[in-house]
Amino acid sequence: MTRDPIADLRRIAFLLERANEATHRVRAFRTAANTLAALPSGELAERVRDRTLRELAGVGDVTARCVVESLAGEEPVYLRRLLATEGVDLDAEATALRTALRGDCHTHSDWSDGGSPIEEMALAAVELGHEYLVLTDHSPRLKVARGLTASRLRQQLDHVAQLNAALPEGFRILTGIEVDILADGSLDQEEELLARLDVVVGSVHSGLGDDRAKMTRRMLTAIANPHLDILGHCTGRMVSSRPAGVTGPGDRGHRARTRAESDFDADAVFAACAAHDTAVEINSRPERQDPPKRLIRRALEAGCRFAINTDAHAPGQLDWQRFGCERAARCGVPADRVINTWTADDLLTWAHR
Ligand SMILES: [Zn+2]
Ligand SMILES: [Zn+2]
């Protein structure tokens, strides 16, 4: 079957526009289509054969890959992913996903850098209809976020046990941690504690500028750690300023800062997540939106599970799951791939897999 690569690029741009994607992403496809349309006949096929497409102004890695696939008669993977969610009522899909969520696996209290006591976070979660809230305060090395030492975490575990005894029937606080993934990929807390916690989220908060090979190695080591359940905000990007009144690791005094994605081999990382059954977090925070949708789609294709988390640092932020659900719905993530659609018991069984 013959395909028209220029038509495919334009089709992708159209679908991206209709899905209300970022303008620069749409423009990349339209620019590439225009560049290729202006070539003398025969030159496109020649450049694909000689692998010189990228030398053309306006043609990047992603658009070049689409052209190569299209000229080979295949539907470009990028187009296939977009078509998978075409015609789907995304509002309805996002709502269905949000309704299916029974809890939140990434939240902070005033024991680390959150703004409220654990009980207030828990009561807000009850009001949202959650069946559980995983409390994941920071680990010791993240001093800027008042990360918990082993002994403070032990105190917190006792405190949570007391709180649970007083909370309404049908709701519980699950214990957890957002543990730093250190430079060598090890996790920043005592092994015995990591084994005792209900859910372990691991995130990179330092050395975000590590080169690709180092960051990939670091992440693969963490993912292979049997204690790690969820890979938190995997690219570390900041797409916009932090909402007013919210402080967080590394962000003090830099409210307007954005941060690029860290560089790692996403295919290797997601393949490892799928192999070790480590869930990939879809972080709902508006300033993070991490991972970006193109990576959510790749993780989905790799067979990963997901956790749609708020990373809430205040009770009102627990309602941000909706944002993560919208992003997940746009990428076609089905509810049965999302671990926090499970009951607390099923989640615990999986976490101790
Ligand atoms: Zn974090
Ligand atoms: Zn966090």
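Residues numbered from 1 in each chain as written. Chains lettered and ligands numbered in written order. Predicted model: local features only at pLDDT ≥ 70, side-chain atom pairs only at ≥ 80, totals over all residues. Heavy atoms only, no water.

Asker: What's the story with the pairing of strand E3 (residues 172-180) in this structure? I'm lost.
Answerer: The side chains of a regular strand alternate, residue by residue, between the two faces of the sheet. The buried count for E3 comes to 8 of 9 residues, which makes it a mostly enclosed element. Taken together, the 4 bridges between strand E2 (residues 132-135) and E3 define a ladder with parallel strand orientation. Its bridge partner being in E3, Leu135 is matched across the sheet by Thr175. Direction of pairing for E3 relative to strand E4 (residues 199-203): parallel, over a ladder of 5 bridges. Each bridged residue has a counterpart across the sheet, and for Gly176 the counterpart in E4 is Val199. (Buried < 20%, exposed > 50% of the residue type's maximum accessible area, 1.4 Å probe, protein only. Helix = DSSP H or I, 4+ residues; strand = E, 2+ residues; numbered from the N terminus. Pairing = 2+ DSSP bridges.)

Asker: Just checking my understanding: could you explain the domain arrangement of the protein for this structure?
Answerer: By a widely used convention, the size of an interface equals the accessible area lost when the partners come together. Per the domain assignment, the segments of the protein are domain 1 (5-84) and domain 2 (92-352). At the junction of the two partners, domain 1 supplies 7 residues and domain 2 supplies 6 residues. For the interface between domain 1 and domain 2, the tally reads 2 salt bridges. Linking Arg80 and Glu301 is a salt bridge whose minimum nitrogen-to-oxygen distance equals 3.6 Å. Counting across the interface, domain 1 meets domain 2 through 1 residue pair in polar contact (both at pLDDT 80 or more). Here the element with the most residues in the side of domain 1 that touches domain 2 is helix H5 (residues 77-84); it accounts for 4 residues. Across the side of domain 1 that touches domain 2, the residue classes break down as 3 nonpolar, no polar and 4 charged. (Domains from an automatic or database assignment. Contact = heavy atoms within 4.5 Å. Salt bridge = Lys/Arg side-chain N within 4 Å of Asp/Glu carboxyl O. Polar contact = N/O pair within 3.5 Å; in protein donor to acceptor, adjacent residues only side chain to side chain. Nonpolar A, V, L, I, M, F, W, Y, C, P; charged D, E, K, R; others polar.)

Asker: Before we go on, may I ask you to explain the coordination of the zinc ion (ligand 1) in this structure?
Answerer: Tetrahedral coordination by four donors puts the ideal angle at the metal at 109.5 degrees, and octahedral coordination by six puts it at 90 or 180 degrees. Here the zinc ion (ligand 1) is held by Glu178 (OE), His205 (NE2) and His233 (NE2), and the distances to it run 2.1 to 2.2 Å. In the primary structure, the donors to the zinc ion (ligand 1) are separated according to the pattern E-x26-H-x27-H. For His205, a relative accessible area of 16% puts it in the buried group. (Donors = N, O, S within 2.8 Å, 3.2 Å for Na, K, Ca; no water.)

Asker: What's the story with the coordination of the zinc ion (ligand 2) in this structure? I'm lost.
Answerer: Around the zinc ion (ligand 2), the protein supplies His106 (NE2), His108 (NE2), Glu178 (OE) and Asp311 (OD) as donor atoms, at distances of 2.0 to 2.2 Å. Coordination at the zinc ion (ligand 2) is irregular: its 4 donor atoms span angles of 82 to 172° at the metal. Between consecutive donors of the zinc ion (ligand 2), the numbers of intervening residues give the motif H-x1-H-x69-E-x132-D. Here the zinc ion (ligand 2) and the zinc ion (ligand 1) are spaced 3.4 Å apart, and both take Glu178 as a donor. (Tetrahedral: all angles 85-135°; square planar, octahedral: opposite > 155°, others 65-115°.)

Asker: Is there a simple way to think about the nonpolar core in this case?
Answerer: The nonpolar side chains of a soluble globular protein tend to be buried with one another. By size, the foremost hydrophobic cluster in this structure holds 58 residues, and its most contacted members are Ile173, Phe270 and Val333. Apart from residues no more than four positions distant in its own chain, Phe270 is found in contact with Cys234, Val280, Leu295, Arg298, Ala299, Ala302 and Cys304. The next biggest cluster of nonpolar side chains, apart from the first, holds 23 residues, and it includes Ile12, Val26, Ala32 and Ala33. (Core = buried A, V, L, I, M, F, W, Y, C linked by side-chain atoms within 4.5 Å.)

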